[in-house]
Amino acid sequence: MTAKSKSKSKTGVPPAEMTFEQAFEELEALVEQLEAGQLPLEESLALFERGQALAARCGQLLDSAELKVKQLVGEKLEDFEAET
Amino acid sequence: MDQCPQPLQCLSDPALTPLPRSATIACVNLPLFGQAEFGPETWTVTDLNRYVRQQLESDFRLQDVRVQGEVSGFRAYPSGHWYFSLKDANAQVNCVMWRSRVNHQRYTPRDGDAVEVSGSVTLYEARGQYQLDVTSLQPQGEGALYREFMQLKARLEAEGLFDSARKRPLPPRPRRIGLVTSPAGAALRDMLNILRRRLPLAEVILAPTLVQGPEAPAQIVTALQALAQLMPDVIILARGGGSLEDLWAFNDERVARALAAMPVPTISGVGHETDFTIADFVADVRAPTPSAAAELVSAVSVDDLRAQVDAAFDRLALALGEMLSARRTALNEQRVHLRRLSPVLQLRLARQRAIELQARAAVAVRHQLELARERHNRLVQILGAVGPPAVLQRGYAIVRKPRGVVVRSVDDVQPGEALTVRVSDGEFGVEVTTR
């Protein structure tokens, strides 16, 4: 239980609020933790569920991603509308 | 070295070859020198032309000439060689460019083009015509630019700006990509199309700039420096194809130095595959075209990322599966251990012993029965040997009264009484006559 709350504080950000990079990095970290195989059962299951949510978040971000294009105007960034 | 000064002197025009004579004769070997002392020698045309050719070719001022003129009578032969004349207002000279040179030629001239050629002077012996053997040919003006380019390149190279040790690797998954290019160019459109398709997670920051003309270098430098403030993961400096003059801003020393000073990895993608600019040598990575530059930064595409996420999740699931099965195995071991200690087993052992005892008891009983049966059989046998049938067989008879009572004594019967006599094979009746 203490182990679980510890891992929770480390990975507490809800996946829905994460960027692809954040979610993917944490997913990779979870894989390594779980592959080490030293965790109690309950924590392993919690890690797996977290990983599942992170992978889903990554997939969702990849599916919905749209290139953001901005333009430097002087020192400011403005949206760039490219003629297509 | 100086074995035959006389004939050489008479054939060499001092105006053409103001070099020390010794420099011009090393390769000359003519058959008719021996006649020199008898007045003008007689030459075959072949020998004459060969000699003149060798004279021309041994003059190294003529072996590396740069000539400006207008192209005329240009013909590209199926063999791949080019033939043309160069002319100015007063004169012309025949030129040939061999296929091996033509193959490296980016620009194909047309009649009337003002060009600058480099090459060597030779003589076409069969016609006795002297000609230029052209090694390279550029539109006029480019020659000077090219020399300027080579000088700057040599200088920056000597400073170490091109050193491979300076080259930084590109980030594998850039999130923020800086583009320095024209906001209106096809290069930008091509790059954005590729990035949209391959790396839609990224953010592109365009630092717009002129990419040709005298204002371009300063603008490119400003754009680079403004981008550097935002610290993107990588910066692409790009421009679509154009003439050497069009691309000239990318050979500017200011641009080269600004590019070298960038705090993040840089890619150049200028012109076409065959174009090399100073920016290409300074950038960490040279891409042959703007599109290629966009592909380099999106080396790990969205599809690759999707596959990486899937693979990571598969590993997670596998790790969990292995963990669970390891726990299950451990649990089973404990269960076996527990079972060994449990009263259930004791009970089962006791029950087993009871069953065994039961079986042994059954065996014992069966044995007793068999013994009894055997004894019985033996008695029957004995009985057979001594019983009534055997006695009758030996000739004895049994006499009974009509009611079945066996006659054992004379006193049992009265004269005239009817009796039954049983012998071994049957019965018959008798009457008592005496007593």
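In the block above lies the structure referred to throughout.
Summarised in this report is the structure supplied together with it.

1. Overview of the overall build of chain A
Looking only at helices and strands, one finds three helices and two strands in chain A. Across the 84 residues of chain A, 39% fall into the buried class. Taking all contacts inside chain A whose residues are at least 6 apart in sequence as the whole, residues at least 24 apart take part in 62%. Accessible area for chain A stands at about 5200 Å²; split by element, carbon and sulfur atoms hold 50% of it.

2. A look at the interface of chain B and chain A
In this assembly, 38 residues from chain B lie in contact with 35 residues from chain A. The interface formed by chain B and chain A contains four salt bridges. The partner of B:Arg173 in a salt bridge is A:Glu21, with the nearest N and O atoms 3.5 Å apart. Put simply, chain B and chain A have twelve residue pairs in polar contact (both at pLDDT 80 or more) between them. Those elements giving two or more residues to the side of chain B that touches chain A turn out to be α5 (186-198), β7 (203-208), α6 (216-229) and α10 (302-341) of chain B. Counting residues per element, the side of chain B that touches chain A draws most heavily on α10(B), at 15 residues. Here the side of chain B that touches chain A is composed, by residue class, of 28 nonpolar, one polar and nine charged. Where strand β1 (residues 68-73) of chain A and β7(B) come together, four bridges link them in parallel fashion. The residue bridging A:Val69 from the neighbouring strand is B:Val204, located in β7(B).

3. A look at the pairing of strand β1 (residues 65-76) of chain B
All names here are of chain B. Here β1 runs beside strand β4 (residues 114-124); their pairing, made up of six bridges, is antiparallel. Within the sheet, the bridge partner assigned to Glu70 lies in β4 and is Ala114. Two elements, β1 and strand β2 (residues 82-87), share five bridges in a ladder whose sense is antiparallel. Paired with Arg75 across the bridge in β2 is Tyr83. Taking the residues between adjacent antiparallel strands as the criterion, β1 and β2 are bridged by five residues, where Gly80 takes a positive phi near 100°.

4. A closer look at the pattern of salt bridges
Residue and element names in this part refer to chain B. Under the criterion given, the structure shown has 19 salt bridges over all chains. Residue Glu125 is joined to Arg53 by a salt bridge in which the shortest nitrogen-to-oxygen separation is 2.3 Å. Note that Glu125 is positioned in the loop between β4 and β5 (129-139) and Arg53 in helix α2 (residues 45-57), a separation of 72 residues in sequence. As a salt-bridge pair, Glu427 and Arg400 come within 3.9 Å of each other at their nearest N and O atoms. Of this pair, Glu427 sits in strand β13 (residues 426-431) while Arg400 is found in strand β11 (residues 398-400), placing the two residues 27 residues apart along the sequence. Several salt bridges converge on common partners, so that one network encompasses Arg50, Arg53, Glu57 and Glu125.

5. Quick look at the sheet that holds β5(B)
All names here are of chain B. Read once around its circumference, the closed barrel built from five strands follows the order β1-β2-β3-β5-β4, with strand pairing classed as mixed. Within the sheet, the average angular offset between the axes of one strand and its neighbour, ignoring direction, is 50°. α2 rests against β4 and β5 of the sheet, and its axis sits at about 135° to β4.

6. Topic: the side chain of B:Ser118
Looking at the secondary structure, you find B:Ser118 in strand β4. Contacts of B:Ser118, omitting those with residues within four sequence positions, involve B:Val65, B:Arg66, B:Asp133, B:Val134, B:Thr135 and B:Ser136.

7. Re the packing of aromatic side chains
Two aromatic rings, taken as a pair, are described by how far apart their centres are and by the angle between their planes. All names here are of chain B. Throughout the structure, instances matching the rule amount to nine aromatic pairs over all chains. By way of ring pairs, the aromatic residues Phe74, Trp82 and Phe84 are connected into one cluster. A cation over a ring is seen here: Lys153 above Phe281, with NZ or CZ 4.8 Å from the ring centre. Across the ring face of Phe276, the terminal group of Arg286 is positioned such that the distance to the ring centre comes to 3.7 Å.

8. Side note on the pairing of strand β2 (residues 76-79) of chain A
Of the pairings in the sheet, the one linking β1(A) to β2(A) comprises four bridges and is antiparallel in character. Bridge pairing in β2(A) links A:Lys70 to A:Asp79.

9. Concerning a positive patch on the surface
Residue and element names in this part refer to chain B. On the surface, Arg335, Arg339, Arg348 and Arg351 cluster together into a patch of positive charge. Looking at the positive patch, the elements that each hand over two or more residues are α10 and α11 (343-386). In this structure, Arg351 sits in helix α11. Residue classification places Arg351 among the exposed positions, given a relative accessible area of 55%.

10. Quick word on the packing of α6(B) against helix α7 (residues 253-260) of chain B
All names here are of chain B. Interhelical geometry of α6 versus α7 gives an angle of 10° and a closest axis separation of 8 Å. The angle between the axes of α6 and α7 places the two elements in the roughly parallel class. Across the interface between the two elements, Pro217, Ala218, Ile220, Val221 and Leu224 from α6 touch Arg254, Val255, Ala258 and Leu259 from α7. A breakdown of the residues in the contact of α6 with α7 according to their chemical character gives eight nonpolar, no polar and one charged.

11. Here we look at the environment of B:Asp88
All names here are of chain B. Position of Asp88 relative to the elements: it lies in the loop between β2 and β3 (92-97). Assessed through its relative accessible area of 51%, Asp88 is described here as exposed. Along the sequence, Asp88 and Gly69 sit 19 residues apart, while their C-alpha atoms lie 5.6 Å from each other.

12. Some details on the environment of B:Gln414
Residues and elements named next belong to chain B. Position of Gln414 relative to the elements: it lies in the loop between β11 and β12 (418-423). Measuring from C-alpha to C-alpha, the distance between Gln414 and Thr434 comes to 8.4 Å, with 20 residues separating the pair along the chain. Once residues within four sequence positions are removed from consideration, Gln414 is found in contact with Val432 and Arg435.

13. Focus: α10(B)
End to end, α10(B) covers 59 Å across 40 residues, agreeing with the expected 58 Å (1.5 Å per residue, within 8%). Within α10(B), the full set of buried residues consists of B:Val302, B:Leu305, B:Val309, B:Ala312, B:Leu316, B:Ala319, B:Leu320 and B:Met323. Turning to α10(B), the residues buried within the fold contact α2 (20-36) and α3 (41-64) of chain A together with α5 of chain B.

Here is what the cut-offs are and how they apply
Residues numbered from 1 in each chain as written. Chains lettered and ligands numbered in written order. Predicted model: local features only at pLDDT ≥ 70, side-chain atom pairs only at ≥ 80, totals over all residues. Heavy atoms only, no water. Helix = DSSP H or I, 4+ residues; strand = E, 2+ residues; numbered from the N terminus. Buried < 20%, exposed > 50% of the residue type's maximum accessible area, 1.4 Å probe, protein only. Contact = heavy atoms within 4.5 Å. Areas by Shrake-Rupley, 256 points an atom, 1.4 Å probe, with all protein chains shown as cover. Salt bridge = Lys/Arg side-chain N within 4 Å of Asp/Glu carboxyl O. Polar contact = N/O pair within 3.5 Å; in protein donor to acceptor, adjacent residues only side chain to side chain. Nonpolar A, V, L, I, M, F, W, Y, C, P; charged D, E, K, R; others polar. Pairing = 2+ DSSP bridges. Axes fitted to C-alpha atoms, helices over the stretch in contact; angles between N-to-C directions. Phe/Tyr/Trp six-rings, centres within 6.5 Å; stacked < 30°, edge-to-face > 60°. Lys NZ or Arg CZ within 6 Å of the ring centre and 35° of its normal. Patch = residues over 30% accessible without salt bridge, like charges linked within 9 Å, V, L, I, M, F, W, Y side chains within 5 Å. Lys, Arg positive; Asp, Glu negative; His and termini not counted. Charge placed at Lys NZ, Arg CZ, Asp CG, Glu CD. Parallel < 35°, antiparallel > 145°, perpendicular 65-115°, else oblique. Expected span 1.5 Å × (residues − 1).

Coordinates in, geometry out; function isn't part of it.
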